[in-house]
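# Analysis of the macromolecular model
Below, each chain spelled out in residue letters.
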Amino acid sequence: MTNIFIFIGAKQDFNNFLLEKDVDDSALKFLDLIRQYNELIRASSVGFLDADNFFTTSNRGEVENCVVRSSDYSSVLEHVVTNFTQIITMAHDIDNLYLHNPPKRIIETLESEYHSKIEFRYSEYEEINKGNLKDVSNHLNSFVVGQIDAKRKVLSGLYRLSNKKDTKPIVMLFQGPSGVGKTELAKALSNYLGGSLLRIQFSMMQTNEAANYIFGDQHSKSSFAKDLLQRESNIVLIDEFDKVHPNFYNAFYEIFDEAKFTDLNYTVDVKNCIFILTSNFKNQKETIEKIGMPIYSRISASIHFDELNDFEKKEVILKSFEDVISSLSIEEVKVVENLKMKNWFFENVAEYNNIRLLKSKIEESVYDVLTSRLLDGE
């Protein structure tokens, strides 16, 4: 092999890197290479050819580019990862090998044999600095209704990140009732930085599978480290951080203290990352009792989210109706407006404390009316 490019980061960034290198769909795909390898091994095992002799001759194929994507490792058996170098070099002379987020066993094997030919590339995450904090503030205001104090505390945390000299993550704990904008604020922040939000839901992690997800298991299975590697922005949301078993908090000491995370298969760099932990805690005492002082002392800012007042909920109603009718025809919009549905929600706004539920109810009501009109002519 002439060149080995190991790309660590988001899928879209890897695709852009391939475009930069003029690598198109004609490149040899890893699964095709595996299929060819298996066919030749089977042929050798029944005596049709001697694999070792065959591949030391001029029969080896010349390949300009070979691309191995992060999803490819999940679809192969363990022995493929263990014997990765042998498999990719057995039948082909590859000029340029492009790897996306390979397990560390593959990286270690390649480094031991091709150290001088390896070039690492990384996703470059958009950063927030003092110069664009006002833009961030305007962006958050356009997406998140109310929560003035919470948004100001978030901006304070971002200011601290832009001003500090170390690369440790900023850790923010969002506290407050469900459906008041905690997740929306995290999404808006990630959106400003140009990527989809990486969202981990700890409420689902109560079993042995949860331990395997966090600390690593077989390379073919999903894992926390693999998801962190492929994040599109440096914003990571961990929903319902209080719902996970306390033993799992051990994984976060390394993350919050050393800006890295290591499991059985991967090592992830999380420098200057912003971790947002959400919970329904009501106060500091309750928080410490649940997650313990060792984790709590590593939280950069505890940010409380309040229930929205009626004026703010009316703003949510206006925005929600705008979103729903933006995809409707002129005639459908007239139907909705003639029924004065918006006014009904204004009059009954006190019944809704959960923004998520309010938005869902508005969308449901609009489409129930349009469906009845279509089916029954009402």
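Data block above holds the structure.
Okay, so let's go over this structure. (Residues numbered from 1 in each chain as written. Predicted model: local features only at pLDDT ≥ 70, side-chain atom pairs only at ≥ 80, totals over all residues. Heavy atoms only, no water.)

### Brief notes about the overall build of the chain
- For the chain, the helix and strand inventory stands at 19 helices and twelve strands.
- Taken along the three principal axes of its C-alpha coordinates, the chain extends 85 × 60 × 45 Å.
- Residue pairs in contact within the chain that sit at least 24 positions apart in sequence constitute 82% of those at least 6 positions apart.
- Carbon and sulfur atoms make up 47% of the accessible area of the chain, which totals about 19,600 Å².
- Treating the 43 positive side-chain charges of the chain as one cloud and the 57 negative ones as another, the clouds have centres 6 Å apart. (Helix = DSSP H or I, 4+ residues; strand = E, 2+ residues; numbered from the N terminus. Contact = heavy atoms within 4.5 Å. Areas by Shrake-Rupley, 256 points an atom, 1.4 Å probe, with all protein chains shown as cover. Lys, Arg positive; Asp, Glu negative; His and termini not counted. Charge placed at Lys NZ, Arg CZ, Asp CG, Glu CD.)

### Some thoughts on a negative patch on the surface
- A cluster of acidic residues, Asp 22, Asp 24, Asp 25, Glu 62, Glu 64 and Asp 95, forms a negative patch at the surface.
- For Asp 25, the location among the structural elements is in the loop between α1 (11-20) and β2 (28-29). (Patch = residues over 30% accessible without salt bridge, like charges linked within 9 Å, V, L, I, M, F, W, Y side chains within 5 Å. Salt bridge = Lys/Arg side-chain N within 4 Å of Asp/Glu carboxyl O.)

### Let's talk about the side chain of Glu 312
- Tracing the chain through its elements places Glu 312 in helix α16 (residues 310-325).
- The side chain of Glu 312 is buried and forms no salt bridge, while Lys 151, the nearest opposite charge, is found at 7.7 Å.
- Setting aside its immediate chain neighbours within four residues, Glu 312 contacts Val 145, Gly 146 and Gln 147. (Buried < 20%, exposed > 50% of the residue type's maximum accessible area, 1.4 Å probe, protein only.)

### Some words on unusual backbone geometry
- Of note, Asp 22 is a non-glycine position whose phi angle comes to about 60 degrees, a positive value.
- Mapped onto the elements, Asp 22 comes out in the loop between α1 and β2.
- We classify Asp 22 as exposed; its relative accessible area is 66%.
- A positive phi angle, close to 60 degrees, is found at Ala 259, a residue other than glycine.
- Relative to the elements of secondary structure, Ala 259 occurs in the loop between α13 (251-258) and β9 (260-262).

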